[in-house]
Amino acid sequence: AQWLECGLASSGFPCGLWLLFHLLSVECVAVPAERVLGSIRAAVAELFLCLDCRAHFLALFDDCGFDWCHVRSHASLQLWLFHVHNFVTLRVRAEQRSQDVVASLSGAQTRDLLWPSASACPLCFNSTALTSPGPDAVLGAVAMYRSRVQPAANEAAVLSFLRLHYGSSPTTR
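Everything in this summary refers to the structure shown in the same document. Source: prediction; values computed, not measured.

**Remarks on the nonpolar core**
And then number 1: Grouped together as the largest cluster of nonpolar side chains are 43 residues, with contacts concentrated most on Phe 21, Phe 57, Trp 80, Val 84 and Phe 125.
And then number 2: At the level of elements, α1 (13-27), α2 (33-47), α3 (51-62), α4 (74-97) and α8 (155-166) are the ones that each hand at least two residues to this core.
And then number 3: At nine residues, the largest contribution of residues to this core is made by α4.
And then number 4: Once residues lying within four places of it in the same chain are set aside, the contact partners of Phe 21 are Ile 40, Ala 43, Val 44 and Leu 81.

**Some words on the packing of aromatic side chains**
And then number 1: This model, assessed by the stated rule, comprises ten aromatic pairs.
And then number 2: Connected via pairs of aromatic rings, a cluster forms that spans Trp 18, Phe 21, Phe 57, Phe 61, Trp 68 and Trp 80.

**Things to note about the pattern of salt bridges**
And then number 1: With the rule as written, the count across this model stands at three salt bridges.
And then number 2: The closest approach of N and O atoms between Arg 72 and Glu 34, which form a salt bridge, is 3.8 Å. Pair noted here: Arg 72 is in the loop between α3 and α4 and Glu 34 is in helix α2, with a separation of 38 residues, a long-range link.
And then number 3: For Glu 34, a relative accessible area of 37% corresponds to the partly exposed category.

**Here we look at the side chain of Ser 25**
And then number 1: Relative to the assigned elements, Ser 25 resides in helix α1.
And then number 2: A distance of 2.8 Å separates a polar atom in the side chain of Ser 25 from the backbone oxygen of His 22.
And then number 3: Aside from chain neighbours lying at most four places away, what touches Ser 25 is Val 36, His 74, Leu 77, Gln 78 and Leu 81.

**Observations concerning unusual backbone geometry**
And then number 1: In this chain, Trp 115 is followed by Pro 116 through a cis amide linkage whose omega measures -5°.
And then number 2: One can find Pro 116 in the loop between α5 (107-113) and α6 (127-130).
And then number 3: Residue Cys 64 is not a glycine yet carries a positive backbone phi of 60°.
And then number 4: Following the sequence through the fold, Cys 64 ends up in the loop between α3 and α4.
And then number 5: One non-glycine residue with positive phi stands out, namely Phe 66, at about 55°.

Conventions we followed
- Residues numbered from 1 in each chain as written.
- Predicted model: local features only at pLDDT ≥ 70, side-chain atom pairs only at ≥ 80, totals over all residues.
- Heavy atoms only, no water.
- Core = buried A, V, L, I, M, F, W, Y, C linked by side-chain atoms within 4.5 Å.
- Buried < 20%, exposed > 50% of the residue type's maximum accessible area, 1.4 Å probe, protein only.
- Helix = DSSP H or I, 4+ residues; strand = E, 2+ residues; numbered from the N terminus.
- Contact = heavy atoms within 4.5 Å.
- Phe/Tyr/Trp six-rings, centres within 6.5 Å; stacked < 30°, edge-to-face > 60°.
- Salt bridge = Lys/Arg side-chain N within 4 Å of Asp/Glu carboxyl O.
- Polar contact = N/O pair within 3.5 Å; in protein donor to acceptor, adjacent residues only side chain to side chain.

Below you can see the structure in the form of structure tokens.
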């Protein structure tokens, strides 16, 4: 199956799951954020076909990666999912290249991989911040992302993008 949103050269089903998760994070405002997170974890555990991908996500989740265990609002849920999505994308790309996660990518290369694209949301990332050198490569993958990519995110712009892109009602926009 091809997902229009994912493009022709995309990874299909995984991309569709990410779309579903972002949609849930924006649209399920009547459901507590913690419950939406639990549903996302359950979906990955039951539906994700890539066993390594599933194991990585569940380990990240079960270890409170990106502080999901402190998510109390839908805005924090949306931002958590946004950061995890981008972290996973960078990790997968680095594994495909057999290199260190974020340390191996220049700022321009990193921006090209981040979601949403610069053309879809030009304000979502400060590209100048992405080009600044990261810390030593001895840092773990999550620490590397948090020190080099996460600070470059304009979270207000990200939330606006997510709500506009995935919201269908005035309460989610």
